[in-house]
Amino acid sequence: MNSLKSHLTLVLSLIAILLSIFLFRIFSQVMHLYQKNIVNNYSIVIVSTKPITSLNISEISSINPININSEIKKLKEKYKNIDFSNLKIPFFYKLKLKNFPSPNKLQEIQKQLKNYDFIKKVMTKSSSQTKIYNLLILLKTTTKIFMFLIAILGFLLIIKQLEVWKLLHYERMYIMELFGAPVWFKGASLFKIAFLDSIISLILTMCLIFLITHSALFNNIINELNINFQLNYFNEIILLLITSFLISFISSVIVVIGKK
Amino acid sequence: MGKLVLAKNITINYNDTQIIKPSSFSINSGDFVFLTGISGSGKTSLIKTLYAEHKIQSGEMYIGEFNLKKINKSKTSLLRKHLGVVFQDFKLISEWNIIKNVMLPLLITGIDKSNAKEMAMQYLNKVKLSHKADKFPFELSGGEQQRAAIARATIHNPVMILADEPISGLDEYSASLVMDLFIEANKLGITIVIASHSIPQNFDILFKQLHIEKGKIYELA
Ligand SMILES: Nc1ncnc2c1ncn2[C@@H]1O[C@H](COP(=O)(O)OP(=O)(O)OP(=O)(O)O)[C@@H](O)[C@H]1O
Ligand SMILES: [Mg+2]
């Protein structure tokens, strides 16, 4: 009963830590993809009186001319009585940004663009995406803090468990020492428990991860966000495996080497 | 025979309290030694310094090559593998059964489990405890635990056996059983040190006596 309880504490703590690491990574990844996605879809349209190849604004990642020939052709067909050859047709450009702009940033960019006297008009998109974006930023920060707290809680639980282990195993390890047992011999059973617990936690965590990533909710969100999210299970398992082993191994070494 | 233990002007302290005043003695390899003295005289303390659990305060003490004044952790382990200690409070591992307890010194030296088990059974036989092999320490009487501890202290053929009051809790039959075990070990060349209030009656082999009185260790021929 006692040993089951001590297994449970370590296993649960490890699961909490592993799961928060995993969710943290997933969340960052999704956010990153989504950010890239909306930056890609976001653009500013400008109208210029002369051709532009580059502008001295660091935020801008590309300047693409908008082909308006077809529009002009349509106009020509519609208004046959107007002589278009005398008309000075301005140049249209679509500007892509490096990052999704905050409202302040956007204003700043607009101002910078308007400082060029050949730029006659600057058109930005509506702010609905900005709202979603800000919401996501907020969500990202709070989730990160939350995950961090869970991981800390997991560590605290493990430390608590170490104290229990120390009490439980101290006498036996002391007697072994009186007969000249080396550290690995004294710690053998603890190392075994730690190894077993980290395997159990890893398996349980993987099950939870599988459930989460295959849930309708999760997939709906991914679809809503319209991103190409692909989880590399192999990498995640390796990362969690290493983390799990390291934590439980270090914990047991602390107990074996530490004094009562 | 050569000197196994050499103590020169040693003192033993617990913090500021001196238990043993400057004393000198030696133990030859192959000796059968009784360490006597009244309760509280310092027998257990002296034995503790011999298995390097407690350091001497001053003076010099050697067991073979081991300088007990400046012994480190790995040397301590090495020394202890060559000793067989019977503790006054037995110190059996409570979550292990008796046979596994007796196997402990063999497991530490790396002997494989099945061989160790077979040998442990032989030694349990010698102390008439083979029928309790699968029992746990708390299921045994004090005297039975003591005999298990003695089997554990002798199984790995140590250079020296340090036994702290090994027969104090035993009836005459068990006591003579245990003493015979020590005598047999001694005949094989193992040095025996037994701490005891007194020397058993009709003990008829040659022995040496170290006696502690008023904080000093005396070597009696
Ligand atoms: N860990 C300790 N800390 C402080 N004092 C101690 C400690 N162990 C023993 N002593 C003191 O050292 C003295 C000698 O104790 P020790 O156990 O060596 O006596 P002993 O001869 O073995 O007695 P007994 O025959 O009752 O076992 C006692 O006065 C005891 O109070
Ligand atoms: Mg004593």
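Residues numbered from 1 in each chain as written. Chains lettered and ligands numbered in written order. Predicted model: local features only at pLDDT ≥ 70, side-chain atom pairs only at ≥ 80, totals over all residues. Heavy atoms only, no water.

1. Side note on the sheet that holds strand β4 (residues 119–123) of chain A
Residues and elements named next belong to chain A.
Then, number 1: Strands sit in the order β2-β3-β1-β4 across an open sheet of four strands; the sheet is antiparallel. Two strands bound the open sheet, and with one partner strand each, they are β2 (60–65) and β4. Averaged over all neighbouring strand pairs, the angle between strand axes comes to 25 degrees, with direction disregarded.
Then, number 2: Across four bridges, strand β1 (residues 44–48) lies against β4 in antiparallel orientation. By the bridge assignment, V47 is partnered in β4 with K121. (Pairing = 2+ DSSP bridges. Helix = DSSP H or I, 4+ residues; strand = E, 2+ residues; numbered from the N terminus. Axes fitted to C-alpha atoms, helices over the stretch in contact; angles between N-to-C directions.)

2. Comments concerning the domain arrangement of chain A
Then, number 1: Partitioning chain A into domains gives domain 1 (2–37 + 150–257) and domain 2 (43–124).
Then, number 2: One C-alpha centre belongs to domain 1 of chain A, the other to domain 2 of chain A, and the line joining them spans 54 Å. (Domains from an automatic or database assignment.)

3. Some thoughts on the coordination of the magnesium ion (ligand 2)
All names here are of chain B.
Then, number 1: Around the magnesium ion (ligand 2), the protein supplies T44 (OG1) and Q88 (OE1) as donor atoms, at distances of 1.9 to 2.2 Å. Separated by 44 residues along the polypeptide, T44 in helix α1 (residues 43–50) and Q88 in the loop between β6 (83–86) and α3 (98–109) bring together distant segments of the chain.
Then, number 2: Its relative accessible area of 28% is what places T44 among the partly exposed residues.
Then, number 3: By relative accessible area, which is 41% here, Q88 ends up partly exposed. (Donors = N, O, S within 2.8 Å, 3.2 Å for Na, K, Ca; no water. Buried < 20%, exposed > 50% of the residue type's maximum accessible area, 1.4 Å probe, protein only.)

4. Comments concerning helix α5 (residues 142–154) of chain B
Residue and element names in this part refer to chain B.
Then, number 1: The end-to-end C-alpha separation of α5 is 19 Å, in line with the 18 Å expected for 13 residues at 1.5 Å each.
Then, number 2: With respect to burial, α5 is a largely interior element, 12 of its 13 residues being buried.
Then, number 3: What α5 keeps buried is the set G143, E144, Q145, Q146, R147, A148, A149, I150, A151, R152, A153 and T154. (Expected span 1.5 Å × (residues − 1).)

5. Some details on unusual backbone geometry
Residue and element names in this part refer to chain B.
Then, number 1: Of note, the phi angle at K91 is positive, near 55 degrees, even though the residue is not glycine.
Then, number 2: By the element assignment, K91 lies in the loop between β6 and α3.
Then, number 3: For K91, a relative accessible area of 15% corresponds to the buried category.

6. A look at the pairing of strand β8 (residues 191–196) of chain B
All names here are of chain B.
Then, number 1: Within β8, six of the six residues are buried, leaving the element largely enclosed by the surrounding structure.
Then, number 2: Where strand β7 (residues 160–164) lies against β8, five bridges are found, and the strand directions are parallel. The partner of L162 across the bridge, within β8, is V193.
Then, number 3: Each parallel crossover has a hand, and the one from β7 via helix α6 (residues 172–187) to β8 is right-handed. (Right-handed = clockwise from strand over helix to strand, strands pointing away.)

7. Describing the interface of chain A and chain B
Then, number 1: Counting residues at the interface gives 13 residues for chain A and 18 residues for chain B.
Then, number 2: Both sides together, the interface formed by chain A and chain B hides about 1,500 Å², and carbon and sulfur atoms give 67% of it.
Then, number 3: Three residues, I175(A), L178(A) and F179(A), lead the burial of chain A against chain B; their summed loss comes to 45% of the area buried on that side.
Then, number 4: There are one salt bridge connecting chain A and chain B. (Contact = heavy atoms within 4.5 Å. Buried area = accessible area lost by both parts, 1.4 Å probe. Salt bridge = Lys/Arg side-chain N within 4 Å of Asp/Glu carboxyl O.)

8. Section: the pattern of salt bridges
Residues and elements named next belong to chain B.
Then, number 1: Tallied over the entire structure, the rule returns 11 salt bridges over all chains.
Then, number 2: Of the charged contacts, one joins E53 and R80 as a salt bridge, the two residues approaching to 3.0 Å between their closest N and O atoms. Of this pair, E53 sits in the loop between α1 and β4 (58–63) while R80 sits in helix α2 (residues 73–81), placing them 27 residues apart in sequence.
Then, number 3: Relative accessible area serves as the criterion here: at 30%, E53 is assigned to the partly exposed category.
Then, number 4: The buried category is assigned to R80, whose relative accessible area is 5%.
Then, number 5: Bridged by salt links that share partners, the residues D31, K208 and E219 form one connected network.

9. What to know about the sheet that holds strand β3 (residues 32–36) of chain B
All names here are of chain B.
Then, number 1: Read across the open sheet, the six strands follow the order β6-β7-β8-β3-β9-β10; overall the sheet is mixed. Every other strand in the sheet has two partners, leaving β6 and β10 (216–220) as the edge strands with one partner each. With strand direction ignored, the average angle separating the axes of adjacent strands in the sheet is 15 degrees.
Then, number 2: Across four bridges, β6 lies against β7 in parallel orientation. Along β7, the bridge assignment pairs L83 with M160.
Then, number 3: Along the sheet face, α6 touches β3, β7 and β8 and points at about 150 degrees away from the line of β8.

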